[in-house]
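Chain residues, written in single-letter form:
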Amino acid sequence: MSSGSTTVAGDRSAGPAARRTGGELIRHWRRHRRLSQLELSVEVAVSTRHLSFIETGRAVPSRDMVLRLAEYLDVPLRERNRMLLAAGHAPEYHESRLDAPELDPMPAVLRQILVGHGPYPAVIVDRAWNIVDATPSIAMFVEGVAPELLTEPLNAYRISLHPQGLAPRIVNLPQWRAHLLHRLRRQVAITGDPLTRELYDEVSGYPGGQGDEPPPGAGPGAPAITMGIRHGGEVLSFVSTVATFGTAVDITVAELSIESFYPADKHTGRLLREWFGD
């Protein structure tokens, strides 16, 4: 989160991207999405010649053109600001603290989502999977986790996959680990985010399976890959979903995700209601 109530994002941790021109960043994202100049020009109603001029620096894209290209290329809001800055335009999107007046009533909305999910576990995380908030029942996931993994910022991937974290209690660790790494690798591919790449490089080095293996199937007749954990002398089974705010225009909100865990069997559901129900 930003240190002030509202900041313009796009100039921090940018690395080499901060030194690229607007055209170079547009070309980078076009190639990242595996589109030809012809395909992109047709979709945004601009001539291939003009797009070529923009990418090579012979023409400076207008603010509207940058935003049109970024929208079609599904560029993350943080990176759209960098494209605008590199093209000589003011940023479009702000990054606000969750408790900033501009984001009212987001904290209440997030809390209501968590309250409505009880007694089942759920976490709200930022773009690097640092935990912003969680339901009380998430305590079962962090029980016995090494203290150094529970210092701020708490990271959901480190807690899950570190050998001193939840990993030793996951009964199907190779399968669940492969699923998590596949998901994180896909996020890296989509967003190009260096923080997410650093996290992937770190956690994929933890023991428990090969980092680049495809996630195994859920098994014959199973609707989804489940996570099984040992807790309180029982084995609990969960399926998870990840939700985002699809219409967000603030970077902080756009980068939030809510991972919700649901009982994968009646036994798990009954125990969770006994332990964490009202």
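Coordinates for the structure precede this section.
Below is a short write-up of the structure. None of these values were measured; they are calculated from a predicted model.

Quick look at the pattern of salt bridges
- Enumeration over the complete set of coordinates arrives at 14 salt bridges.
- Salt-bridge contacts for Asp64 lead to Arg68; the nearest nitrogen and oxygen are separated by 3.7 Å. Here Asp64 and its partner Arg68 are both found in helix α4 (residues 63-72), four residues apart, which amounts to about one turn of the helix.
- Judged by relative accessible area, which is 46%, Asp64 ranks as partly exposed.
- Here Arg97 and Asp99 are joined by a salt bridge, their closest N and O atoms 3.0 Å apart.
- When salt bridges that share partners are traced, they join Arg78, Glu95 and Glu255 into one network.

Quick look at helix α5 (residues 77-86)
- For α5, the buried fraction is high: eight of the 10 residues fall into the buried class.
- Listed in full, the buried residues belonging to α5 are Leu77, Arg78, Glu79, Arg80, Asn81, Arg82, Met83 and Leu84.
- Looking one or two residues beyond α5, the residue adopting positive phi is Gly88, at roughly 90°.

Some remarks on the nonpolar core
- Among the nonpolar cores identified, the biggest contains 32 residues, and Phe141, Tyr157, Leu161, Val203, Met227, Ile229 and Phe238 are the most heavily contacted of them.
- Breaking this core down by element, the ones donating at least two residues are β3 (122-125), α7 (139-142), α8 (156-161), α9 (173-191), α10 (194-203), β5 (227-231), β6 (234-244) and α12 (266-276).
- Looking at which element gives the most residues to this core, the answer is α9, with six residues.
- Those residues in contact with Ile229 that sit more than four places away from it in its chain are Met140, Phe141, Leu166, Arg169, Ile170, Glu234, Val235, Leu236 and Phe238.
- In this structure, Phe53, Leu69, Met83 and Leu84 belong to the second largest nonpolar core, which totals 19 residues.

Conventions and cut-offs
- Residues numbered from 1 in each chain as written.
- Predicted model: local features only at pLDDT ≥ 70, side-chain atom pairs only at ≥ 80, totals over all residues.
- Heavy atoms only, no water.
- Salt bridge = Lys/Arg side-chain N within 4 Å of Asp/Glu carboxyl O.
- Helix = DSSP H or I, 4+ residues; strand = E, 2+ residues; numbered from the N terminus.
- Buried < 20%, exposed > 50% of the residue type's maximum accessible area, 1.4 Å probe, protein only.
- Core = buried A, V, L, I, M, F, W, Y, C linked by side-chain atoms within 4.5 Å.
- Contact = heavy atoms within 4.5 Å.

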